[in-house]
Amino acid sequence: MVAGTYPPRIRCYDLHDLTMKFERYVDGHITDLVMLGEDYGKMAILQDDRTIAFHAHYGKHESIRIPKFGRGMAYEPTTCELIIASSCNDVYRLNLEEGRFMQPWSINAPPGVATSCISVSQVQPLASVGCDDGIVRFFDSRAPDEQLKPFLKLNVQAATGGYGYADTSRFHHQNIHEIISVVHDP
């Protein structure tokens, strides 16, 4: 799957046959795209206008609006939840089986710290949320709704300090401590 910007569209390629299966235009610019199954039959598209568009094999199925601007998404198959990293202190959880938002996870950070990326483990029901303060927060999807806080915080900024990973003198216009991508190794 490939997402384009002008006009906003997605394309599905079959690498085995080196062919394009389909091309589909969408309503807004694409921020993230998540497959909801093992094939291209169901997908969720996070758009920059605070909507998530759900597509099936025949085309657009439904779209919903999320409370804050989304930055990344991940699908948790054990709970059937779409987990959305947003531009605030909350991580939104959309239960696709029930069709409603669940209580959001709180990253327990000072005001102004936002989530920037998210990843779900393929082996265990764990989610990692990267934030723009240089800390990766880990959540357990099996935890009851009363425990909506991270069970572990990994301070990447402190762990990599002094090893030359980020030269602070060269980056005056960026937040060099922001975690922009996380992934789980199966």
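Look a little higher up for the structure.
For clarity, every value in this text was computed on a predicted model and none was experimentally measured. Position numbers for residues count from 1 along each chain, tracking the sequence in the order it is written. Local features in a predicted model are, by the rule used here, given only for residues with pLDDT of at least 70; side-chain atom pairs are given and counted only at 80 or more, and totals for whole chains, interfaces and linings are based on all residues. Hydrogens and water are ignored here; the side-chain numbers use all heavy atoms of the structure.

(A) Region of the structure containing the nonpolar core. We define a nonpolar core as any set of buried Ala, Val, Leu, Ile, Met, Phe, Trp, Tyr and Cys residues linked to one another through side-chain atoms lying within 4.5 Å. The buried label goes to any residue with under 20% of its type's maximum accessible area, the exposed label to any with over 50%, and the partly exposed label to all in between, with areas taken from a 1.4 Å probe on protein chains only. In terms of nonpolar packing, the biggest core is built from 15 residues, with Ile 83, Val 91, Trp 105, Ile 107, Ile 118 and Val 129 touching the most fellow members. Runs of H or I in DSSP of at least four residues are treated as helices and runs of E of at least two as strands, each being numbered from the N terminus. Mapped onto this core, the elements with two or more residues apiece are β9 (81–86), β12 (115–120) and β13 (126–131). Considering each element in turn, this core owes the most residues, three residues, to β13. Only heavy atoms matter for contacts: two residues are in contact if any of them lie within 4.5 Å across the pair. Beyond its immediate stretch of four places on either side in the chain, Val 129 contacts Val 91, Thr 115, Cys 117, Ile 118, Ile 135, Val 136, Arg 137 and Phe 139. Counting 13 residues, the second largest nonpolar core, distinct from the first, contains Val 34, Leu 36, Ile 52 and Ile 66.

(B) Up close: the sheet that holds strand β15 (residues 152–155). Pairing is antiparallel in the open sheet, where four strands are placed in the order β12-β13-β14-β15. Looking at strand neighbours, the two that pair on one side only are β12 and β15, the edges of this open sheet. Within the sheet, the average angular offset between the axes of one strand and its neighbour, ignoring direction, is 20 degrees. What makes two strands pair is DSSP finding at least two bridges between them. Where helices are involved, their axes are fitted lines through C-alpha atoms of the stretch in contact, as for all axes, and angles between N-to-C directions lie from 0 to 180°.

(C) Summary view of the pattern of salt bridges. A carboxyl oxygen of Asp or Glu within 4 Å of a side-chain nitrogen of Lys or Arg is what we treat as a salt bridge. A complete count under the given rule lists seven salt bridges for this structure. In this structure, Lys 21 and Asp 14 form a salt bridge, with 4.0 Å as the shortest nitrogen-oxygen distance. Beyond isolated ion pairs, a larger network of salt bridges with shared partners links Arg 9, Arg 11 and Glu 23.

(D) A look at the pairing of strand β8 (residues 70–76). Counting buried positions along β8 gives five out of seven residues, so the element sits mostly inside the fold. In this structure, β8 lies alongside β9, joined through six bridges in antiparallel fashion. Paired with Met 73 across the strands is Ile 84, a residue of β9. In this structure, the hairpin formed by β8 and β9 is closed by a connection of four residues, where Cys 80 is found at a positive phi of approximately 60 degrees.

(E) Fine view of the sheet that holds strand β2 (residues 9–14). Spatial strand order, β1-β2-β3: three strands in an open sheet with antiparallel pairing. Because the sheet does not close on itself, it has two edges, and the strands there are β1 (2–4) and β3 (19–25). Pairs of neighbouring strands in the sheet enclose a mean axial angle of 20 degrees, with direction left out of account. Relative to β2, β1 runs antiparallel, the two sharing three bridges. Residue pairing across strands places Ala 3 opposite Ile 10, the latter belonging to β2.

(F) Layout of unusual backbone geometry. The omega angle of the peptide bond from Tyr 6 to Pro 7 is -15 degrees, so this bond is cis rather than trans. Locating Pro 7 in the fold gives a position in the loop between β1 and β2. The backbone phi angle of Cys 80 is positive, close to 60 degrees, even though this residue is not glycine. For Cys 80, the location among the structural elements is in the loop between β8 and β9. Among the residues examined, Cys 80 registers a relative accessible area of 19% and is labelled buried. Despite not being glycine, Asn 108 has its phi angle at roughly 50 degrees, a positive value. For Asn 108, the location among the structural elements is in the loop between β11 (100–106) and β12. Look at Asn 108 and you get partly exposed, because its relative accessible area is 36%.

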